[in-house]
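# Summary of the model geometry
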Amino acid sequence: MDKFTTLTGIAAPMPLVNIDTDMIIPKQFLKTIKRSGLGKNLFDEMRYNADGSEIPDFVLNQPAYRKAEIIVAGDNFGCGSSREHAPWALLDFGIRCVISTSFADIFFSNCFKNGILPVVLPPEAVAHLMEDAKKGANARITVDLEAQTVTASDGETYSFDIDPFKKHCLLNGLDDIGLTLEKVSSIDSFEAQASLSRPWV
Amino acid sequence: MTARTLYDKIWDAHVVHQDADGTCLLYIDRHLVHEVTSPQAFEGLRMTGRKVRAPEKTIAVPDHNVPTTLDRANAATMTEESRIQVEALDKNAKEFGVHYYPVTDVRQGIVHIVGPEQGWTLPGMTVVCGDSHTATHGAFGALAHGIGTSEVEHVLATQTLIQKKSKNMKVEITGKLRPGVTAKDITLSVIGATGTAGGTGYVIEYCGEAIRDLSMEGRMTVCNMAIEGGARAGLIAPDEKTFAYVMGRPHAPKGAQWEAALTWWKTLFTDEGAHFDKVVVLKGEDIAPVVTWGTSPEDVLPITGTVPAASDFTGGKVEAAQRSLDYMGLTPGMKLEDIKIDTVFIGSCTNGRIEDLRAAAAILKGKKIKDGMRAMVVPGSGLVRAQAEEEGLAQIFIDAGFEWRLAGCSMCLAMNPDQLAPGERCAATSNRNFEGRQGRGGRTHLMSPAMAAAAAVTGHLTDVREMM
Ligand code: SF4
């Protein structure tokens, strides 16, 4: 997993609420057995017509946002299916950070496993950043994970909360499984004890 | 000892390690695996030379992608990509030595139906699966939730998950349900009341007389959609009905182990005075048969209602509601009962169990579906299918004009050939009415099996109470 430290980039505004993972990556692209290559189908049904041509109005098709690295989104981003193909598609497109007032649980944790930073901010802050994002390539938003801040193009800075463990893993690009395997003796003793107390499991 | 909720008790029994900041390593008792979200996880194990830590606690079944037509044994019915994915599961299950129900096994079916049916799901367990509807298993008083593929790999390698504890939420449904009102109406009504983010950060415990009165099938329907309300998981305390359902299942404990298990299971309830961070109470008698009108499961209304206008909403929901109305092709003010449909789908992990098929068949008996209607029943597992055939339900569906399919997810997410065409409108017993969920441009109205059956007969959304 790539580290996430700071990022200054173009932010695409997506004010729609309840953007679900079926929208982010429709099911026909879940047949892959790989993690890569999903970026071209990110938001597929919103982004392309049935004949494969681009829908010009869709934000990521607009010239200003083709290189967006941040999405500023409406409430409850990433709800629905648990598919990790959603963060894989975002990452493959080049998105490293999503800012919203709230995220669905599974999507939120999936982001951290893939070096994407989901930032939760209060509604006023998201509204301000949304307006900023609408300025297109003229406005770059800066996200600093170490300092836990998001800075709009006008210099307005917002602090965000983040779980210290998740922050540590993201800053250092750490692999969860490797970390957990360091605790393998705790797992062994838990299993030994559970095989006595709940032998039917 | 302080009073604990059911969630607290199950959580406490599974903590392997706790860091100072509250991050826990949680032990996982059952790991269910299907073909769509697991190939990258197994590949990850292979690349790092890791093994599955507890293959005996890992159960794999293909369900999302497999065709449900009777000719599916013929590989040509699958697209190349789907076939590769199912073959990858075959290969991974064998190579890593996990329990496996291939497509040719009568026990194959939707992973959330197979788990309970085979007795893999037991009270007090932690159950995970790379699928958001893992919440279903909460009906047994098991802490069950969906995970992403990286977490699938983590569980395969370590039999644990890194977790922080959620908050406790209680959803109480008091009193009795009125005739024609089902578990599906309860769970949709709760989401209608709390919104799709209402449960975010919480584990919900469903309780109250109306929940107690539900069968295990009904309880699974309720917990199944906890995720649609944003919750990490849904739970219902186990009781005599739970124990009766579990007893004698192939992987349920037997003999002395059964007695020991039962003793522990009977302690799995929320203590008097335990703290809930959020409480929602609905009166059972206030719940009507409901349908969804929009493209979010929170867009719920009683069937007697009318299509809302975007201006009925506030904030970001105004734009979302307008988008839904446009997508669904509906005009504000029209009666929901006047919405014509052309497809009916009965099945999915929400409503693909035997009781669901009985409820639909009870409405369909001696009737025919509307001319030109496409209607299908996709049983949740091969065993549900066999039982429905034995009970004569299959014949009722076939006589009414339904297609009688093999088990799988089918048109719930339309990864296989069962899809809606653009603009087609479907009465579905599944759980998601998202844009394009059942096929690009397809329009989905969620409802109970009995309501879907009623709509199949009349050709429009229908109040099932008029047909009872
Ligand atoms: S039936 Fe639908 S919701 Fe259930 S597991 Fe299959 S695709 Fe997911």
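Now for a quick tour of the structure. Just so it is clear, the model here is predicted, and its values are computed rather than measured.

About the thresholds
Residues numbered from 1 in each chain as written. Chains lettered and ligands numbered in written order. Predicted model: local features only at pLDDT ≥ 70, side-chain atom pairs only at ≥ 80, totals over all residues. Heavy atoms only, no water. Helix = DSSP H or I, 4+ residues; strand = E, 2+ residues; numbered from the N terminus. Buried < 20%, exposed > 50% of the residue type's maximum accessible area, 1.4 Å probe, protein only. Contact = heavy atoms within 4.5 Å. Near = heavy atom within 4 Å. Nonpolar A, V, L, I, M, F, W, Y, C, P; charged D, E, K, R; others polar. Phe/Tyr/Trp six-rings, centres within 6.5 Å; stacked < 30°, edge-to-face > 60°. Lys NZ or Arg CZ within 6 Å of the ring centre and 35° of its normal. Pairing = 2+ DSSP bridges. Axes fitted to C-alpha atoms, helices over the stretch in contact; angles between N-to-C directions.

### Quick look at the overall build of chain A
- Summing up its helical and strand segments, chain A has 8 helices and 7 strands in all.
- When its C-alpha atoms are laid out on the principal axes, chain A stretches across 60 × 45 × 25 Å.
- By the burial criterion, 58% of the 201 residues in chain A qualify as buried.
- Put simply, 65% of the contacts in chain A that link residues at least 6 apart link residues at least 24 apart.

### Some points on the site of the ligand
- The full set of residues close to the ligand is His64(B), Ile110(B), His112(B), Asp131(B), His133(B), Ser348(B), Cys349(B), Cys409(B), Cys412(B), Leu413(B), Asn431(B) and Arg437(B).
- Taken together, the residues of the shell around the ligand sort by class into 5 nonpolar, 5 polar and 2 charged.

### Remarks on the packing of aromatic side chains
- One pass over the full model with this rule turns up 17 aromatic pairs over all chains.
- Each ring, one from Phe77(A) and one from Phe107(A), has its centre 5.4 Å from the other, and the planes form 70°; the classification is edge-to-face. In this pair, Phe77(A) sits in the loop between strand S2 (70–73) and helix H3 (85–93) while Phe107(A) sits in helix H4 (residues 105–112), placing the two residues 30 residues apart along the sequence.
- Members of the aromatic cluster, each reached through a chain of ring pairs, are Phe77(A), Phe103(A), Phe107(A), Phe108(A) and Phe112(A).
- A cation over an aromatic ring shows up here: Lys166(A) above the ring of Phe112(A), its NZ or CZ 5.5 Å from the ring centre.
- Lying over the aromatic face of Phe269(B), Lys9(B) brings its terminal NZ or CZ to 4.1 Å of the ring centre.

### Re the sheet that holds strand S8 (residues 160–163) of chain B
- If you walk across this open sheet you meet the 3 strands as S1-S2-S8 (chain B), and the pairing is antiparallel. Here the strands that pair on one side only, and so sit at the sheet edges, are strand S1 (15–18) and S8 of chain B. Ignoring which end each strand starts from, the neighbouring axes of this sheet average 20° apart.
- Relative to strand S2 (residues 24–27) of chain B, S1(B) runs antiparallel, the two sharing 3 bridges. Each bridged residue has a counterpart across the sheet, and for His17(B) the counterpart in S2(B) is Leu25(B).
- Helix-sheet contacts for helix H8 (residues 184–197) of chain A involve S1, S2 and S8 of chain B, and the interaxial angle to S1(B) is about 145°.
- Contacts between helix H5 (residues 149–158) of chain B and the sheet are confined to S2 and S8 of chain B, with S8(B) contributing the most and set at about 130° to the helix.

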